[in-house]
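Descriptive analysis of the structure
Here is what each chain is made of, one letter per residue.
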Amino acid sequence: QVQLVESGGGLVQPGGSLRLSCAASGFTFSSYWMYWVRQAPGKGLEWVSAVNTGGGSTYYADSVKGRFTISRDNAKNTVYLQMDSLKPEDTAVYYCTASKRSTIPPTGSIYDYWGQGTQVTVSS
């Protein structure tokens, strides 16, 4: 079975940091671009970041550029999102997704697989 399992979410104060992880299985991880997408309460899906198959090229939405870092370890079938200088507006459910397509910015239709999501809450 294809699985993407996110972890690392939680409650953090403004200015703090969290590191999200996404463990993949059931497909050829190294053949897929990986993405992080989030959904804030009452809002639609927002693309956050992307990394290419080899991990050498990364992309970010303007809202998180300079604060978030995406990376991947193909030997461990895992993608990460390091989140620094967190703001209350970063509060959302964060989803790990996979796609063989490489459009930047991506649209919702390109994703082949989705994780279950992990909650990130930034509040004092």
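Scoring rules and cut-offs
- Residues numbered from 1 in each chain as written.
- Predicted model: local features only at pLDDT ≥ 70, side-chain atom pairs only at ≥ 80, totals over all residues.
- Heavy atoms only, no water.
- Helix = DSSP H or I, 4+ residues; strand = E, 2+ residues; numbered from the N terminus.
- Rg over C-alpha atoms; globule rule 2.2 N^0.38 Å.
- Contact = heavy atoms within 4.5 Å.
- Lys, Arg positive; Asp, Glu negative; His and termini not counted.
- Charge placed at Lys NZ, Arg CZ, Asp CG, Glu CD.
- Buried < 20%, exposed > 50% of the residue type's maximum accessible area, 1.4 Å probe, protein only.
- Polar contact = N/O pair within 3.5 Å; in protein donor to acceptor, adjacent residues only side chain to side chain.
- Core = buried A, V, L, I, M, F, W, Y, C linked by side-chain atoms within 4.5 Å.
- Disulfide = S-S within 2.5 Å.
- Pairing = 2+ DSSP bridges.

**Regarding the overall build of the protein**
Scanning the protein from N- to C-terminus turns up zero helices and eleven strands. Relative to the globule expectation of 14 Å for 124 residues, the C-alpha radius of gyration of the protein, 13 Å, shows essentially globular dimensions. If you line up the protein on its principal axes, its C-alpha atoms span 40 × 25 × 25 Å. Long-range contacts, defined here as pairs at least 24 residues apart, represent 58% of the contacts in the protein between residues at least 6 apart. In the protein, 10 side chains carry a positive charge and 8 a negative one; their mean positions are 3 Å apart.

**Concerning the side chain of Ser99**
Among the secondary structure elements, Ser99 is positioned in strand E9 (residues 92–99). Taking the relative accessible area as the measure of exposure, Ser99 reaches 0% and is therefore buried. Separated by 3.0 Å, the side chain of Ser99 and the backbone nitrogen of Arg101 make a polar contact. In this structure the side chain of Ser99 is engaged in a polar contact, spanning 2.7 Å, whose partner is the backbone oxygen of Ile110. When near neighbours in sequence (up to four residues on either side) are disregarded, Ser99 contacts Tyr32, Trp33, Tyr35, Ile110, Tyr111 and Asp112.

**Overview of the nonpolar core**
Counting 27 residues, the largest nonpolar core has Trp36, Val79, Leu81, Met83 and Tyr94 as its most contacted members. Mapped onto this core, the elements with two or more residues apiece are strand E3 (18–25), strand E4 (33–39), strand E5 (45–51), strand E7 (68–73), strand E8 (78–83), E9 and strand E11 (118–122). One finds Tyr35, Trp47, Ala61 and Ile110 within the second-largest nonpolar core, a separate group that totals eight residues.

**Notes on the state of the cysteines**
Applying the stated criterion across every chain yields a total of one disulfide. The disulfide partner of Cys22 is Cys96, and the S-S distance across this bridge is 2.1 Å. Residues Cys22 and Cys96 share a disulfide whose torsion about the S-S bond is about -80 degrees; that sign makes it left-handed. You can see Cys22 sitting in strand E3 and its partner Cys96 sitting in strand E9, a full 74 residues away along the chain. According to the relative accessible area criterion, Cys22 is buried, its value standing at 0%.

**Some details on the pairing of E4**
A large share of E4 lies buried, amounting to six of its seven residues. Note that E4 and E9 share seven bridges and pair antiparallel. Pairing of Trp36 across the sheet is with Cys96, part of E9. One ladder, built from six bridges, connects E4 with E5; its direction is antiparallel. Bridge pairing in E5 links Arg38 to Glu46. Turn length for the E4-E5 hairpin, with the two strands adjacent in sequence and antiparallel, is five residues, and the turn residue Gly42 shows positive phi of about 75 degrees.

**Focus: unusual backbone geometry**
Cis geometry is adopted by the peptide bond preceding Pro105, which originates at Ile104 and carries an omega value of -5 degrees. With respect to the helices and strands, Pro105 occurs in the loop between E9 and strand E10 (113–114). The phi dihedral of Asn77 falls on the positive side, at around 50 degrees, and the residue is not glycine. Residue position: Asn77 is located in the loop between E7 and E8.

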